[in-house]
Amino acid sequence: MSQQKTTSFPKERINILFLENISDAAIRLFKQNGYVNVRKITGALGEQELMRELKDVHLLGIRSKTRISKKVLAAAPKLQAIGCFCIGVNQVDLQAATEAGVVVFNAPYSNTRSVAELVIGAAIMLIRRIPDKNKAAHEGIWMKEARGSFELRGKTMGIIGYGNIGSQVSVLAEALGMKVLFHDIETRLPLGNAEAAKNLKDLVSRADVISLHVPETELTKNLINRSVLKSTKQGAIVINYARGEVVDLDALATALVQESIGGAAIDVYPFEPEKNGESFECPLQGLPNVLLTPHIGGSTQEAQENIGADVSMKLFQYLERGITAGSHSVPALSLPPVENAHRILHIHKNVPGVLTAINAALSGNHINIVGQYLTTNSLIGYVVLDVDKRLSQKAMGLLKEVKHTIKVRVLY
């Protein structure tokens, strides 16, 4: 809950919009703290709809389907922060958000367990060839056989990307008696008995199950391609619950048809439908021992509740206290409230002389600065000023006139 009972802004005039059926945990936090204008929309919105809806919105909550472009940000002059209620932030133009002084938060850890559990579940289903047996049973065919079915115990789990999710998969896999290999472009401390592979091809040549947990970047696009698939261990299983561009699905389909790959579980795709019920096509449809799921790796009730609580608290703390810890745009600051002072937030272009201009404007008008904090990134600077209560409105006016100012806001 807020440590500051009152704010300088009327809470009934703050507009908050949540899209894509975000957990009610997010709404509860704001309503319990006096914010009455909180709207929730079930689906995502297109660019033109967003531009209309965001005209007077101060806080926005989205998931992975809503795209925040530079054009959308330009149409949202009052927007202070965006909460991405998911792991990634690639749906937001981060450079445009940074230039506009809009804080962008996400929940990088809240659904890691949900994804990790599903990876292990998919590995068990595929190594036992359950998709094929399930399909046969639905078609009235009895397929009781052990041929091609194995235990996970004693097999090797190859994890590509040993971050928050990859490391949890590592722990669960080892608990089931698997050997764990991992590959990451950064140096990572192994958990348990996990070992770092020499390189990607070394990992895929030795792993019985290959699980991907990497972000979508230029380096990871089609990371699993025809060349890599030719190096994989015969009959290996490929699981992608990371990002849609990471696996070349056409190449994977060919490998499955040729039976050099023993099975696959795919949850993310280069192109995904915007809404439930829309048509969906994938090169892996109809192939044997394949699990296709509609981007539900982190979609559990527990994960959505955790994400709702996590991201909404970050939005709330920025709105009421100026805390930017966890932001992907505005530099991170985390400060306690200061009594007998008004707090002003100043976001500006990161060019020489701005802090000097701020101090000169305030000292030249005999405004006492109780506390001052500055942090920067390559594009912008973020200054938090605690000033004498009696002169805060005057300070606010002076700060708006400082050259290279992007946003100024009084918290309390």
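Residues numbered from 1 in each chain as written. Predicted model: local features only at pLDDT ≥ 70, side-chain atom pairs only at ≥ 80, totals over all residues. Heavy atoms only, no water.

**Student:** For this particular structure, what's the right way to read the overall build of the chain?
**Tutor:** Counting secondary structure elements, the chain contains 13 helices and 16 strands. Overall size of the chain, expressed as C-alpha extent along the three principal axes, is 85 × 45 × 35 Å. Every one of the 412 residues in the chain was classed for burial, and the buried ones make up 50%. In the chain, 66% of the contacts between residues at least 6 apart in sequence involve partners at least 24 apart. Accessible surface computed for the chain: about 19,800 Å², of which carbon and sulfur atoms make up 51%. (Helix = DSSP H or I, 4+ residues; strand = E, 2+ residues; numbered from the N terminus. Buried < 20%, exposed > 50% of the residue type's maximum accessible area, 1.4 Å probe, protein only. Contact = heavy atoms within 4.5 Å. Areas by Shrake-Rupley, 256 points an atom, 1.4 Å probe, with all protein chains shown as cover.)

**Student:** Please clarify how the pattern of salt bridges should be interpreted in this entry.
**Tutor:** Once their charged atoms are close, side chains differing in charge can pair, the charge on each being opposite to the other. Within this structure, the stated rule accounts for 17 salt bridges. Of the charged contacts, one joins Lys 65 and Glu 272 as a salt bridge, the two residues approaching to 3.1 Å between their closest N and O atoms. A residue pair is termed long-range when its members are at least 10 positions apart, and Lys 65 in the loop between strand S3 (59-62) and helix H3 (70-74) and Glu 272 in the loop between strand S11 (261-266) and strand S12 (290-292) qualify at 207 residues. With a relative accessible area of 23%, Glu 272 lands in the partly exposed category. In this structure, the salt-bridge partner of Asp 184 is Arg 188, at a minimum N-O distance of 3.4 Å. Judged by relative accessible area, Arg 188 falls into the partly exposed class, the value being 33%. What you see here is one network of salt bridges that share partners, running through Asp 184, Glu 186 and Arg 188. (Salt bridge = Lys/Arg side-chain N within 4 Å of Asp/Glu carboxyl O.)

**Student:** What is the right way to read the packing of aromatic side chains from this model?
**Tutor:** Pairs of aromatic rings are described using the distance from one ring centre to the other and the angle between the two planes. All told, the structure shown has eight aromatic pairs when counted by the stated rule. Summarising the aromatic geometry, the rings of Phe 30 and Tyr 35 are spaced 5.8 Å apart at their centres and angled 80° between planes, so their arrangement reads as edge-to-face. Residue classification places Phe 30 among the buried positions, given a relative accessible area of 0%. Exposure remark for Tyr 35: the relative accessible area of 0% places this residue in the buried category. Aromatic side chains Tyr 269 and Phe 280 sit 4.8 Å apart centroid to centroid with 70° between the ring planes, which places their arrangement in the edge-to-face category. Within this pair, whereas Tyr 269 is found in the loop between S11 and S12, its partner Phe 280 is found in the loop between S11 and S12, the two being separated by 11 residues in sequence. A relative accessible area of 7% places Tyr 269 in the buried class. On the basis of relative accessible area, Phe 280 is assigned to the partly exposed category, the value being 29%. (Phe/Tyr/Trp six-rings, centres within 6.5 Å; stacked < 30°, edge-to-face > 60°.)

**Student:** Before we go on, may I ask you to explain the confidence of the model for the chain in this structure?
**Tutor:** Detailed reading of the predicted coordinates is not advisable wherever pLDDT is low. On average, residues of the chain score 93 in pLDDT, and 98% of them are at 70 or above. Ignoring residues within four places in sequence, the model shows residues 1-5, a span with pLDDT below 50, making 14 contacts including any to other chains. (pLDDT = per-residue confidence, 0-100.)

**Student:** Looking at this structure, how should I read the packing of helix H12 (residues 354-363) against helix H13 (residues 392-400)?
**Tutor:** A pair of packed helices can be characterised by two numbers: the angle between their axes and the separation between those axes. The N-to-C vectors of H12 and H13 enclose an angle of 140°; their axes lie 10 Å apart at closest approach. Taken together, the axes of H12 and H13 are oblique relative to one another. Here the hand of the crossing between H12 and H13 comes out right-handed. Residues Ile 358, Ala 361 and Leu 362 of H12 lie in contact with H13, whose contacting residues are Ala 395, Leu 398 and Leu 399. (Axes fitted to C-alpha atoms, helices over the stretch in contact; angles between N-to-C directions. Parallel < 35°, antiparallel > 145°, perpendicular 65-115°, else oblique. Left-handed = near helix turned anticlockwise from the far one by under 90°.)

**Student:** Can you walk me through the side chain of His 348 in this structure?
**Tutor:** The topology assignment puts His 348 in strand S13 (residues 341-349). A distance of 3.2 Å separates polar atoms of two side chains, one belonging to His 348 and the other to His 346. Excluding residues that lie within four positions of it along the chain, His 348 makes contacts with Val 354, Leu 374, Leu 379, Ile 380, Gly 381, Tyr 382, Val 383, His 404, Thr 405 and Ile 406. (Polar contact = N/O pair within 3.5 Å; in protein donor to acceptor, adjacent residues only side chain to side chain.)

**Student:** When you look at the side chain of Asp 386 in this model, what are you seeing that I'm missing?
**Tutor:** Residue placement: Asp 386 occurs in strand S15 (residues 380-388). For Asp 386, a relative accessible area of 0% puts it in the buried group. Apart from the residues lying within four places of it in its own chain, the contact partners of Asp 386 are Val 338, Ala 341, His 342, Arg 343, Asn 368, Ile 369, Val 370, Gly 371, Tyr 373 and Tyr 412.

**Student:** What should I look at first to understand the nonpolar core in this one?
**Tutor:** Judged by nonpolar contacts, the single largest core of 33 residues is most densely connected at Phe 18, Phe 30, Tyr 35 and Leu 315. If near-sequence neighbours (up to four positions away) are discounted, Tyr 35 is found in contact with Thr 7, Phe 9, Lys 11, Ile 14, Ile 16, Phe 30, Phe 316, Leu 319 and Glu 320. In terms of nonpolar packing, the next biggest core, distinct from the first, is built from 32 residues, Leu 200, Val 214, Leu 223 and Leu 229 among them. (Core = buried A, V, L, I, M, F, W, Y, C linked by side-chain atoms within 4.5 Å.)

**Student:** For this particular structure, what's the right way to read the state of the cysteines?
**Tutor:** In a disulfide, the sulfur atoms of two cysteines are covalently bonded to one another. Counted under the stated rule, the structure contains zero disulfides. Here Cys 84 stays unpaired: no disulfide links it, and the sulfur of Cys 86, its closest cysteine neighbor, is 5.3 Å away. Taking the relative accessible area as the measure of exposure, Cys 84 reaches 0% and is therefore buried. (Disulfide = S-S within 2.5 Å.)

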